Each structure stands twice: as structure tokens, then as C-alpha cells.
Number of protein chains: 2
Amino acid sequence: MKTLIVVSHPEINNSQTEEFLQQAAKPMEDVTWHHVESLEKIDVDAEHKLLKQADRIIFQFPLYWYSAPAGLKHWIDTVMGRNFVYGDEQYNLEDKEFGLVVTTGMPLKDFQVGGTEGMSLDQIMTPYRAFAKRAKMIIMPIFTVAQFWYQTEPQQMKLLIDYQRYINQKYPDSLNNRQDWFEHELTKFVSRLSDEDERNANLVLETFREQIEDLDQLNDTLKMIKKGEDDNLE
Amino acid sequence: MKTLIVVSHPEINNSQTEEFLQQAAKPMEDVTWHHVESLEKIDVDAEHKLLKQADRIIFQFPLYWYSAPAGLKHWIDTVMGRNFVYGDEQYNLEDKEFGLVVTTGMPLKDFQVGGTEGMSLDQIMTPYRAFAKRAKMIIMPIFTVAQFWYQTEPQQMKLLIDYQRYINQKYPDSLNNRQDWFEHELTKFVSRLSDEDERNANLVLETFREQIEDLDQLNDTLKMIKKGEDDNLE
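On a predicted model such as this, the values are computed, not experimentally measured, just so you know. (Residues numbered from 1 in each chain as written. Chains lettered and ligands numbered in written order. Predicted model: local features only at pLDDT ≥ 70, side-chain atom pairs only at ≥ 80, totals over all residues. Heavy atoms only, no water.)

Student: Explain the side chain of Arg178 of chain A to me, and be specific about the residues and the numbers.
Tutor: Residue and element names in this part refer to chain A. On the secondary structure map, Arg178 appears in helix α8 (residues 175-191). Assessed through its relative accessible area of 4%, Arg178 is described here as buried. Within the structure, Arg178 has its side chain in polar contact with the side chain of Asp173 (distance 3.0 Å). (Helix = DSSP H or I, 4+ residues; strand = E, 2+ residues; numbered from the N terminus. Buried < 20%, exposed > 50% of the residue type's maximum accessible area, 1.4 Å probe, protein only. Polar contact = N/O pair within 3.5 Å; in protein donor to acceptor, adjacent residues only side chain to side chain.)

The following block contains the structure:
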């Protein structure tokens, strides 16, 4: 699976959150980190090529007045010509998966009826969903990073894994697909240790397992996997 | 009432719709037509001054991928600092009225469940409403101009009047407020003719009345006014 992460942040070098997410994405295969504000000039053909080769396209940005920074809109307005997206019955993005990674300094609980914002992020993100719908894309749930700097180290570790899963775990986020993703990651991890002896590998694997067992949700998931259940989680 | 129309359109000189709306706004008093893409540089202090003196602030733009063109977002991101909008318990836009004039090439019927777009303009405009809510502004209904170039001349005449009413008729759009608006406009019209004799004035007034009576909705409104009803229309 090839994933294109279209990142918009006008001051990306001052953003701890973006730095963290970029580090999380870096070791992953077939992932393109594409920061639009760093583009000197938008080459529409090159952008179309990038989009066409991707199986999953993610827009990632901090919430600036309830939508992406102007840089992403400029990129969208420039790159997403009508003819490219749906003109002449040509749907160049059809059946690609569409994700949104939204970072915000507000707590998530604000985004609900009765909360400070009074509406959900799902509602606020309607324009992007409308776009993806028009393009006949497959719409993934929003991935939210709220108040990153308040997160404890275990929370950040969980965030890292969840973000990596959002980038290339098979859609939808079912228990089976999670299990496959973890198996694949563990196998990759062990294969990198193939030169060393098995005992060392197992030790490291044990450490890896211990680490993720600290994290509640993953813990639950692993327990369910152990029990051999294969119902979807959602 | 002072109205600030913040217009965003990257190719405004090629837009018949914007030309039409600008002509409609031109003769009106206390209306500032503020085209953001024409600003060479955004002077934040000057923009704040403009915003502060306005009683009604309208964002006006064509729908580009379900939101304003990038130029408006750039203006918003630049001008709407947190401290200006809601920081330190200072709400500089509090109790000002907030309007949206949205022009689109799609027919209005597309914007509903079951329509081509599958969602309403109200839903799509959520980010702007969230902004206005955060700023403690009074949110007016959206004013939509759909498929301007398909409109007949009487439809365009009605659009012109409706747009002028949206710019400075007292909120909300009740029958009383409409009646006041029309009375004020007619009086202004007659006063401009004060040098000429009454007969001429009445002739022109008659013509004015005949023109607006062609328009169905206005016709209904006038009939209701004649009947002396004063229930709110909505």
C-alpha cells in the first residue's frame, strides 16, 4: 500500500506535534511525506502523478479556524482541477482511501454538542468529506491528535503506533486487520535481527511486547487476539 | 448600519456574478466592498479597524471545493488572531452580525440528502459558523446565488433586491423589517427627485412599483403589507 501524506503547516519547524508524526512515519515503507508549504511552486502535473500512484491519501494539518491552514486550500485549489477529479466521467482518485489527520490544541471533549465548540470534528470537516465523496474516494474516520504536549510518554507511544496504523493498516480498522498489521510489523522487526542469534531476537521481541502491553487499548486487542476471537471491533 | 463585505475571488474580473453583486452594492450607503485578493499586503491593524467599525460582516465567495478560495482562508488566518477574536476575554467581533454570500455553479437542489452533493450548504459551511460562534457573533442565514448565468432578467432583478436587503436590512428577515427596508428605499428614491415636480416623481414611483410587482416574492410581500398583516414570515 502506497500512502501520500499531504501535510500543511505554515510553521512546521516550530511544531513538536508535526516533528513527532514525521519521525513516526519516517521508518515506514511506501510513505511519502509531502509538506505543501515547502513547495516553491506547485507543479500540477507532478502533484497529479503523486496522487495517482497513492492508494491512500491523507490530509494532515493543525486546525486553524476550523479548517486546514490556507496553504492546503491553495494546494487543493491549484491541484484539484475539476477535470482531474470528476470531469468527463474521469475519476482519477476513485476508490483511493481518504484520511484526515487533524491536530488541535483543544481537548477532544470540546467538540460535541454542549462542549465549548458545540459541534463535532466530523461536522467541522464536512467540506473535506464532501470533496472525497465527489471524487468517489473511500472515506476513513478522522484521526485526531488533541493537546499533544499534555500527553504522557505512554500516551505518545500509543499515539505513534495508532498513527502508523492509520498510515498503512488495511481499511477498515477491524480486529483482523489490526492483527495482520501487528504480525507484519513484528515479523519485519524480527527479520531485521536475522544476523543475531535467536535468543537475542526473542529478548527484544519480549521487550517490544512488554512495551505495547503497557498500553490499555493494545493490551485489550492482544488479549482478544489471544482468545482467538475475530469479530470486528467496530 | 455599517456593512463590511469581505469578497474573495481569485479571478474577480472574469466573474459576471461578482460584477453584478458589486454593482448592486455600489449605490448603497455605509457599505465597504473589500476584495482580499486585491490587497497587496494584509495590514492586520487596518483590517482590525475595518472589522471593528462594521455592524455586519459578510464573507462572500464562490464555492471552491466546498469552501472559500484559499485567498479568504489566508486573510482569515492572517487577520483573525486568537487575541483579537476571543483571547483575554476580549471579543472584538461580539454581537456583530455575520453573513455568508455563497455563489455556486451547481443548482441548489444538489445540496440536500439525495441530491448530487448529498449534503446541505448549511452543513458545508459549518467551519464559518463555528468561527462566528467562537467570536460570539450573530449568525445570519446563508445567502446563496446559484447558477447566476441561467437566471432570467426578472430573477436577476429579484436577486439584486434580495442581495441589497441582505446587506443592510435589519436582522432578522421579518415582514416588519422588510416593510421598513422598502419604505426607507422608496423614501430615499423620492427624496432624490425633490427638485422635480411631484407628478414626475409619482410616475417614476409607479414605474418602480410596477417593476417590483413583477417579482413573485416581492409581490406577495407587498400584498401582505397592504393587508396590514405583521406576522413574521419566518
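On we go.
Student: Let's hear about the interface of chain A and chain B: which residues, and what values?
Tutor: Many analyses report the size of an interface as the accessible area lost when the parts associate. Between chain A and chain B, the residue contacts involve 28 residues of the former and 28 residues of the latter. Buried area between chain A and chain B, summed over both chains or domains, comes out near 2400 Å², and the portion from carbon and sulfur atoms is 67%. If you sort the residues of chain A by the area they bury against chain B, Trp65, Lys73 and Arg134 of chain A come out on top, with a joint share of 29%. Notably, a salt bridge pairs Arg134 of chain B with Glu117 of chain A, separated by 3.1 Å at the nearest N-O pair. Seen at the junction of chain A and chain B, the total is 17 residue pairs in polar contact (both at pLDDT 80 or more). Of all the elements in the fold, those that place two or more residues in the side of chain A that touches chain B are α3 (70-79), α5 (121-124) and α6 (126-134) of chain A. No other element matches the 6 residues that α6 of chain A contributes to the side of chain A that touches chain B. (Contact = heavy atoms within 4.5 Å. Buried area = accessible area lost by both parts, 1.4 Å probe. Salt bridge = Lys/Arg side-chain N within 4 Å of Asp/Glu carboxyl O.)

Student: Give a description of the packing of aromatic side chains that names residues and reports values.
Tutor: Residues and elements named next belong to chain A. Tallying each qualifying case throughout the model produces 28 aromatic pairs over all chains. Taking the centre distance of 6.5 Å and the plane angle of 85° together, the rings of Phe59 and Tyr128 count as edge-to-face. Of this pair, Phe59 sits in strand β3 (residues 56-62) while Tyr128 sits in helix α6, and the two are 69 residues apart along the sequence. By the burial criterion, Phe59 is buried, and Tyr128 matches it. (Phe/Tyr/Trp six-rings, centres within 6.5 Å; stacked < 30°, edge-to-face > 60°.)

Student: Please give an account of the relation of the copies chain A and chain B that cites residues and values.
Tutor: Under the fitted operation, chain A is carried onto chain B by 0.0 Å of movement along the axis and a turn of 180°, and the coordinates agree to an RMSD of 0.0 Å. Accordingly, the operation relating the two chain copies is best matched by a two-fold axis. Taking C-alpha positions as the reference, the residue of chain A nearest the rotation axis is Ala70 of chain A, at 2.8 Å. Here 100% of the contact residues of chain A are again contact residues in chain B; the copies associate through an equivalent surface. (Least-squares fit on C-alpha atoms with pLDDT ≥ 70 in both.)

Student: How would you sum up the side chain of Ser15 of chain B? Please name residues and give values.
Tutor: Considering the arrangement of structural elements, one finds Ser15 of chain B in the loop between β1 (3-7) and α1 (16-25). Here Glu18 of chain B takes part through its backbone nitrogen, which lies 3.0 Å from a polar atom of the side chain of Ser15 of chain B.

Student: I'd love a proper account of the nonpolar core, names of residues and values included.
Tutor: The biggest cluster of nonpolar side chains holds 76 residues, and the ones touching the most others in it are Phe59, Trp75 and Met80 of chain A together with Phe59, Trp75 and Met80 of chain B. Discounting chain neighbours no more than four positions away, the residues touching Trp75 of chain B are Val6, His34, Val36, Leu39, Ile42, Glu47, Leu51, Phe59 and Met80 of chain B. (Core = buried A, V, L, I, M, F, W, Y, C linked by side-chain atoms within 4.5 Å.)

Student: Quick one: what's the story with the pairing of strand β2 (residues 31-35) of chain B, residue by residue and with numbers?
Tutor: Bridging between β1 of chain B and β2 of chain B involves 5 bridges; their strand directions are parallel. In the strand pairing of β2 of chain B, Thr3 of chain B is matched with Val31 of chain B. (Pairing = 2+ DSSP bridges.)

Student: Before we move on, can you summarise empty space enclosed by the protein with the specific residues and values?
Tutor: Under the defined criterion, the tally for this structure stands at 1 cavity of 30 Å³ or more. Empty space within the largest cavity amounts to approximately 220 Å³. Every residue lining the largest cavity is counted, 17 residues in all, and those nearest its centre are Ser67, Lys73 and Tyr128 of chain A together with Ser67 and Tyr128 of chain B. Of all elements in the fold, only α3 and α6 of chain A together with α3 (70-79) and α6 (126-134) of chain B reach the threshold of two or more residues within the lining of the largest cavity. (1 Å grid on protein atoms, 1.4 Å probe; cavity = no way out; pocket = protein on both sides within 12 Å on 5 of 7 lines; lining within 4 Å. Points joined across faces, edges and corners; volume = space filled by probe spheres on them.)

Student: Explain the pattern of salt bridges to me, and be specific about the residues and the numbers.
Tutor: In total, this model carries 20 salt bridges over all chains according to the counting rule given. In this structure, Asp162 of chain A and Lys158 of chain A form a salt bridge, with 2.5 Å as the shortest nitrogen-oxygen distance. Within this pair, Asp162 of chain A and its partner Lys158 of chain A are both found in helix α7 (residues 153-168), separated by 4 residues, close to a single helical turn. Residues Asp162 of chain A and Lys158 of chain A agree in their burial class; the two are buried. Linking Asp173 of chain B and Arg165 of chain B is a salt bridge whose minimum nitrogen-to-oxygen distance equals 2.9 Å. Three or more residues joined by partner-sharing salt bridges are found here, namely Lys158, Asp162, Arg165, Asp173 and Arg178 of chain A.

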